[in-house]
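# A structural walkthrough
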Amino acid sequence: MSDAEDGGVDFSKVDWDDERRKNLIRSGAAPKVQVVKDLLGSIKSHKGLATVKKQLKVDTKKKKQREQTLKTPLHSQAQKRLGSKVAFKEVRNEVSAWEEIITENRIADQLVYPLNKEDRDVLKFESAVEKSQAFRPKTETERKMAELLGTSKNNLKNDEIYTEAEKEIINAMSVKEAKEKLKELQKQRRLMSFQQEKFARQAKIKSRQYHRIKKRQARKEAIKEFEELLAKDPEAAKEKLLVLQGDRAYERATLRHRGQNKWSKEIRTYASRNVELQKEMADHHRFGRELKQKLGNDLDESSSDSDGSDEDETLAGKKKLTLEEVMKLAADEAAEEAKSKQIESTETNPWLKASLSKLRAEKKAKQNETRLTEAEFAKRGGGSGEIDFEIPEDDPFAAPLEKLVKDAERAELQSQIETAKAKLLEKAKPAPVEATPTPKTKAAKRKAKKAAAEAAATPQTPKAAPEPEVEEAETPVPSKKAKKGKKATASVETSPVTPAADLSKVKLRDVFADVEKTVKEHVTTLAANKKAKRHATETAAEKKAARTAEAKELEAKAKAKKAAAPGVDIDLKSYLEASSATATNMPDNIEACLEEAEQQDMETDNMLAEAFAGDDVFQEFEDEKQRVEDDENPITEDVDVHSMGWGSWTGPGIAEKKKKKTIVKTKPHRKDGKTAHVIIRENVDQPITKLQPESVPFPYTRATEFEAVLQQPIGRDWNPTTYTAALTKPEIVAPAGRIIRPLSKETLRKRQNKAVSSDEED
Amino acid sequence: MGKEDVKRLRHIKKAPKPVKKLGKAALTDAPTVYAKRGQNAVKKEIDEAQILKNIHGHAGDAVVLRAKAAEKINPNRARDVVTKAKLKTHKKRIAEGIAKTAEAELLNTEEAGYLKTDDGSLTYNVKQAEITSSIDLATATRSFSLDLEHGPYRFDYGINGRELILGGRRGHIGVFDWMTKDLLLEKDLLESVKDVSFLHVSTLFAAAQRRWVHLYDEQGIELHCMKQFNEPKLLQFLPRHLLLSVATGTGYLHYLDITSGKIVNSFRMKEHGNPGAISLNQSNGVLLSGGHHGQVTMWTPNAKEPLVSIKAHTSSITGLTVDHLGNYFASSGSDGLVKLFDIRTYKQLSSYKVRGRVSCLDLSQRHNLALGIGQHVQVFQHVNRTSGLQKPYLSHFVGGDVRQVQFCAHEDVLGIGHERGFASILVPGSGDPDMAGLLHNPFESKAQRREREVKMLLDKIQPNMIALDPSTINRVRKAPEKVIDVKPAYEPKPDPTWALLHRFKRR
């Protein structure tokens, strides 16, 4: 531009309006700077101002155009509307940003609160690693410790398997050695586990036999130990014996094994049949009770001082020398013998073995002595007075006495049983001659008896069996009887000739005579019945005719009804009486098989049939159905309420009006409309309908979907368990104690950032 | 048994493995569902519609039904985005579950037994002794008979099929484990016993005695005496609802809630009168009774009128039974007919004329029908499939008038209570071999029994939920259809005397 070249001010770029605005703003306290005036003042020549003039003119023109009167402002309501529109747009933009998250959450299978990760981490437990990392030594000792630990070679770090020291060892050790060591370790561990398992298994064993054997073993071991101790250290042996005795006495005194030994078991089984044994058992119980009473108070104290009770001494002076006593005596002697001796074992001193064997021999001898005395005792018959009865059968301390007593008793029992047997045999001898007829003759007898019974029954009850069709019933009855007779004779022929059979023959002849008689009678009665029936049918026919006339009327009515109700086209009677399969389909032998049953039931059936013969069962049902229908829909059909003369003029000369159409009311469709044999009550109160949902619940929008989903079973009865778990998974999981914050804009921003970044990646 | 008999001795074999409905071929046909895990990730993404379609050919009836129901779910027709998405995921999950259930059917490896003769002769000639001689010992011990003096006997199997209770009319009661024959309780009640029934656990049972109903525990101690139930005749326990129903000789039907001891409802069965037989429809808890007039009527504790009455026979009904799925019922009348009806349509499927009087009958889980005829028992096979009863499958003579027959669930065993005791016979192929272990657990321990007791209490279905169609509870309530009674333009004034009469006419 020329002005610019001249070094003058280029006005073309001045935004006058802006200047003015600036001035306006500055107006007030600020000093007035007349920019235009100053600028105009600086113009010295008029040369080349034509363009400026033009411009100015244009500007002023524009100004004039611009400075028209203001348009009338919008109506306030419209203004508001506009404002709200804008505001709505803004809010919508703001809210729609959330839409994605919300729909996602709504669709989600399961929501676990809190939704954002930071909140979830708040309640997280600090792990040991985190804690150790956060640790800074502060005090003097801590610092020193840290220094020490830091320099130690035995620090195990998380990312390494071995410590430095271990690494050194590994480096120093060969692979072979290491493997061997490992093997050894593994073996040890294995053995340990085996042992553990073994103990666990043994602890669980409940077998009685096992425990018995185990106990016996323990006892044997204890004795052996005791014997060895006897040789080594008699004083200790004495103490040990005291302990053993105490245990045993306690066990006996508590009466733990009452009734479990063989003797008491056996006596129990025999006592029910033997009075003496019963007595013995009663005695035995009494003794037991007494003993228990006696010991009852001081059971807890050491009951080893059995010598204190003087009452028993008189009873059995020798008997009391049981194995315990023998052992005790031996111990005493040994103690005296070896008072001065030092403690030695058989291993160290082989000479001791001799003394041990001597001890054993002594014990045995003493035992034999006692056994003899026990035998004497048993002979005296004082077995019942025996106190020590609750000793288990395998008890080495008291077995011999027990055995002897038992043997004596058993012998007695045996003899008793034998005598009883002999008596029985004597009694039974003459019996079988009478009581054992051959089975076949027995069968024949039974048949004969039956026939006789029938023969007896038939004449007494002539009315009892009126067969429905006489022609049919007449023939089979005698034939049946004949068959039976044949069977009976056949059996007699085949049976071996014995006196008993002869007897039955005589009887059978009588029976046959009876059967003949009854058959004849039966035939005559049947004939009479037939006659009577014919007469009855004649009279009945008249009645029937009358009835059929009625029935026809009714039928006509019913037909009319049916014509009115279009669907019904089944005749109830024919429907009910028809049977798709009949007895003719049955195989022959089934008939034979059922003969008896049939015979029995024919009578009752016929009676029932007669009883109900008069009833019109079908009509009753139809009537009931009609009644139910009427009850449920009490709408009367097509009632013509226009009676003559009402609602119209009448008289000579007046043409008859067309009759108004009657209001046709059709009855509502019934479920049982097409089935004659069914009545379905539709108005019956069904409380289940009250439990139905009234509207389709959220989120379903249509009933069909809702119902289809509901129809799918979710229980374990119909599904695999895993699937049931998947179906019944909770939609929202909100653990207790967690803060559920409202969604923040932060999450939104993060999501957007993520989306952007993922787009960029793509 | 003669020599010839020995020669043609029949064999009862375990069935050769029948082709399972979900065989290997089926697996390959439906690659989407059964594809090996991790083999191909893309394969898993195949849509659920395909899965459901594939089910139809390969799985059992129940699963197919479920698949059909699931197909009705149409997410695209939902009016909401969220609903659409939710339904989509749910449908997929359901389809997967159905596929898994179909797969699990493979685990039902047990097969039903059957009876087959070598020479092709008819099976009803086979005696129990022959059956027991040709099967394993453990099963053979299930065929036994008890000669008892206090008959005729009625009996009941416990829920787990292990315990059996016998009740003789002359007052004898016995509870025992019929598999091991361990006697748990025996008692003389000193008055006539009409019927016995276990309650939800076999440690409790009810006895319908001469005057009242009594409840006893396992030791025979009387717990309750229900004096409200006069002259009880038949007992029926509803295990899912924990209700004891009592039909009395006076024609009343009582429902007792055994959890609370309250009587839910008791009413007179009006014209249906004294029922000859009652039976429970296990699928919906509706009680069926057969009366004098040959009508089978259906009852709930919610209404004093029968929901449905079906004219089944021309004379009184002697026996009535419903199958365990609640699809069929069979009845016998004194008119000598045995009939099979479909409960869903109330249509008669077959009718059969029987020689002799049928005193009782029972349907097994695999639709074998046992009839007690006089002193005999006859069993017919697959009565729902064949057109009527054609020839008996088995026949058995007990030696006393049969009073009750009942199949034991999940066992090939038929119990027979009769005049002279109790008999248990083997009917190969009568029970469902696949056990539902949650309820029917024959190996139930004490702890499990207690657990089940609690669970049954928690799962108890309230009596007001008993209805003909129990799935009505799943439906959204519809407004009852209103029949608009258009009033005539002119209504003649009724004569007052006639109006009164009209009112009384209804009663």
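Residues numbered from 1 in each chain as written. Chains lettered and ligands numbered in written order. Predicted model: local features only at pLDDT ≥ 70, side-chain atom pairs only at ≥ 80, totals over all residues. Heavy atoms only, no water.

### Quick look at the overall build of chain A
Each helix and strand in chain A was counted, giving 28 helices and three strands. The buried share of chain A, taken over its 762 residues, is 21%. Entry remark: accessible area of chain A is about 58,200 Å², with carbon and sulfur atoms responsible for 56%. (Helix = DSSP H or I, 4+ residues; strand = E, 2+ residues; numbered from the N terminus. Buried < 20%, exposed > 50% of the residue type's maximum accessible area, 1.4 Å probe, protein only. Areas by Shrake-Rupley, 256 points an atom, 1.4 Å probe, with all protein chains shown as cover.)

### Some words on the confidence of the model for chain B
All names here are of chain B. Residues of chain B with pLDDT of at least 70 account for 83%, and the chain-wide mean is 83. Ignoring residues within four places in sequence, the model shows residues 1-45, a span with pLDDT below 50, making 65 contacts including any to other chains. Of the two predicted TM-score estimates for the complex, the pTM is 0.56 and the ipTM is 0.80. (pLDDT = per-residue confidence, 0-100. Contact = heavy atoms within 4.5 Å.)

### Observations concerning the pattern of salt bridges
Residues and elements named next belong to chain A. Applying the stated criterion across every chain yields a total of 28 salt bridges over all chains. A salt bridge links E746 to R749; its shortest N-O distance comes to 3.5 Å. Of this pair, E746 and R749 are both found in helix α28 (residues 745-761), three residues apart, which corresponds to roughly one turn of the helix. The exposure class assigned to E746 is partly exposed, which follows from its relative accessible area of 43%. Judged by relative accessible area, which is 48%, R749 ranks as partly exposed. One salt-bridge network, held together by shared partners, links E629, E632, R670, D672 and E682. (Salt bridge = Lys/Arg side-chain N within 4 Å of Asp/Glu carboxyl O.)

### Here's the deal with the environment of B:T123
Residues and elements named next belong to chain B. By the element assignment, T123 lies in the loop between α6 (81-104) and α7 (128-133). Residue classification places T123 among the buried residues on the basis of a relative accessible area of 16%. Separated by 271 residues in the primary sequence, T123 and L394 place their C-alpha atoms 6.2 Å from one another. Apart from residues no more than four positions distant in its own chain, T123 is found in contact with L115, T117, P392, Y393 and L394. Side-chain polar atoms of T123 contact the backbone oxygen of Y393, separated by 2.8 Å. (Polar contact = N/O pair within 3.5 Å; in protein donor to acceptor, adjacent residues only side chain to side chain.)

### Digging into the side chain of B:H367
For B:H367, the position within the fold is in the loop between β22 (358-363) and β23 (369-373). According to the relative accessible area criterion, B:H367 is buried, its value standing at 10%.

### Considering the sheet that holds strand β18 (residues 317-322) of chain B
Residue and element names in this part refer to chain B. Spatially, β18-β19-β20-β21 is the arrangement adopted by the four strands of the open sheet, whose pairing is antiparallel. Two strands close off the open sheet at either side, each with one partner strand: β18 and β21 (347-353). Going across the sheet, the axis of each strand differs from the next one's by a mean of 15°, ignoring polarity. Sheet analysis places strand β19 (residues 328-333) next to strand β20 (residues 337-342), joined by five bridges and oriented antiparallel. Pairing of F329 across the sheet is with F341, part of β20. (Pairing = 2+ DSSP bridges. Axes fitted to C-alpha atoms, helices over the stretch in contact; angles between N-to-C directions.)

### Describing the packing of helix α5 (residues 61-71) of chain B against α6(B)
To characterise two packed helices, one gives the angle between the axes of the helices and the distance between these axes. All names here are of chain B. Relative orientation of the contacting elements α5 and α6 amounts to 170°, with a least axis distance of 10 Å. As summarised for this structure, α5 and α6 are arranged roughly antiparallel, according to the angle between their axes. On α6, the residues touching V63, R66, A67, A70 and E71 of α5 are K91, I94, I98, T101 and A102. Residue classes in the contact of α5 with α6 are distributed as six nonpolar, one polar and three charged. (Parallel < 35°, antiparallel > 145°, perpendicular 65-115°, else oblique. Nonpolar A, V, L, I, M, F, W, Y, C, P; charged D, E, K, R; others polar.)

### Examining the side chain of B:H254
Along the chain, the position of B:H254 falls in strand β12 (residues 252-257). Apart from residues lying up to four places away in sequence, B:H254 is in contact with B:Q228, B:F229, B:L244, B:S245, B:V246, B:T248, B:N265 and B:S266.

### Some points on the sheet that holds β23(B)
Residues and elements named next belong to chain B. If you trace the four strands from one edge of the open sheet to the other, you get β22-β23-β24-β25, paired in antiparallel fashion. One side of each edge strand has no neighbouring strand; the edge strands of this open sheet are β22 and β25 (394-397). Within the sheet, the average angular offset between the axes of one strand and its neighbour, ignoring direction, is 15°. Here β23 pairs with strand β24 (residues 376-380) via five bridges, running antiparallel. When the bridges of β24 are listed, G372 appears paired with V377.

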